[in-house]
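Residues per chain are reported as follows:
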Amino acid sequence: MSNIRLASAFSVVLLGVAACGPLPVYYNAGSDQTRTNSDTLTCNVTALKDAPVANQIRQRPPVYYPGQQYCNANGCWTGPGYWVDGGTYTVDVNQGLRSQLVQRCMAQKGYQRLELPRCTKEQITQLQSVPSGSHPTAGLSTEACAVQQSNGTTVILPPL
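Residues numbered from 1 in each chain as written. Predicted model: local features only at pLDDT ≥ 70, side-chain atom pairs only at ≥ 80, totals over all residues. Heavy atoms only, no water.

Let us now look at helix α2 (residues 33-50). Taking 1.5 Å of rise per residue, 18 residues should cover 26 Å, and α2 covers 26 Å from first to last C-alpha, within 8% of that figure. Looking at α2, one finds that the buried residues are T36, D39, T40, C43 and A47. Buried positions in α2, seen along its axis, are confined to an arc of 100 degrees and lie on one side of it. Those residues of α2 that are exposed and angled more than 90 degrees off the buried face are T34, L41 and K49. Buried residues along α2 sit against β1 (23-27) and α3 (95-108). (Helix = DSSP H or I, 4+ residues; strand = E, 2+ residues; numbered from the N terminus. Expected span 1.5 Å × (residues − 1). Buried < 20%, exposed > 50% of the residue type's maximum accessible area, 1.4 Å probe, protein only. Arc of directions from axis to C-beta. Contact = heavy atoms within 4.5 Å.)

Right, dumping it as structure tokens:
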């Protein structure tokens, strides 16, 4: 990968840097990042066709706040209570099935699902400064990390 392509790959806003926790990625030792992204997109589209978005609107129950008791020199009284709407929210009831379909599709293509730590800003900056020929291309190391780009694709960065 040339330095220009590497720099452009990381010049987009990186969403994964600010987030917490590991990042789920698909990995196949025989596939490059472009092929992995293509296979992931194909599996996502197929899963979306087989389990389309099926949003349901749901409502949380209302909450009752009882009146408070007030006291002064003339005596005590209780103010009126009131209800607060619980609010509504939307649930995609096919999301779980769609996720399973994507995982099965990727497994059939030879990928395994891993959870890698998110790359720090320092790791991304260091990788950009290393010449392209010195990046390890062999199997995935235990020190590898992942970055989710603003376009939704995930890039696995090898350790330095």
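What follows is about the confidence of the model for the protein chain. Across the protein chain, the average pLDDT comes to 81, with 79% of residues at 70 or higher. Residue range residues 1-18 is modelled with pLDDT below 50. Its contacts to residues more than four positions away, or to other chains, number 33 contacts. (pLDDT = per-residue confidence, 0-100.)

Right, let's get into the state of the cysteines. On inspection of all chains with the given rule, the structure shows three disulfides. The disulfide bridge from C43 ends at C105, spanning 2.0 Å between sulfur atoms. Here C43 and C105 share a disulfide; its torsion about the S-S bond, -70 degrees, makes the bridge left-handed. Placement of C43 in helix α2 and of C105 in helix α3 is noted, with a sequence separation of 62 residues between them. For the pair formed by C43 and C105, the shared burial category is buried. Paired through a disulfide, C119 and C145 show a sulfur-sulfur distance of 1.9 Å. On the sign convention where negative means left-handed, the S-S torsion of about 100 degrees between C119 and C145 marks this disulfide as right-handed. Here C145 lies in strand β9 (residues 145-148) and C119 lies in the loop between β8 (112-116) and α4 (121-129), a separation of 26 residues in the sequence. For C119, a relative accessible area of 2% gives the class buried. Numbered by position along the chain, the disulfide-linked cysteines of the protein chain connect as 1-4, 2-3, 5-6. (Disulfide = S-S within 2.5 Å.)

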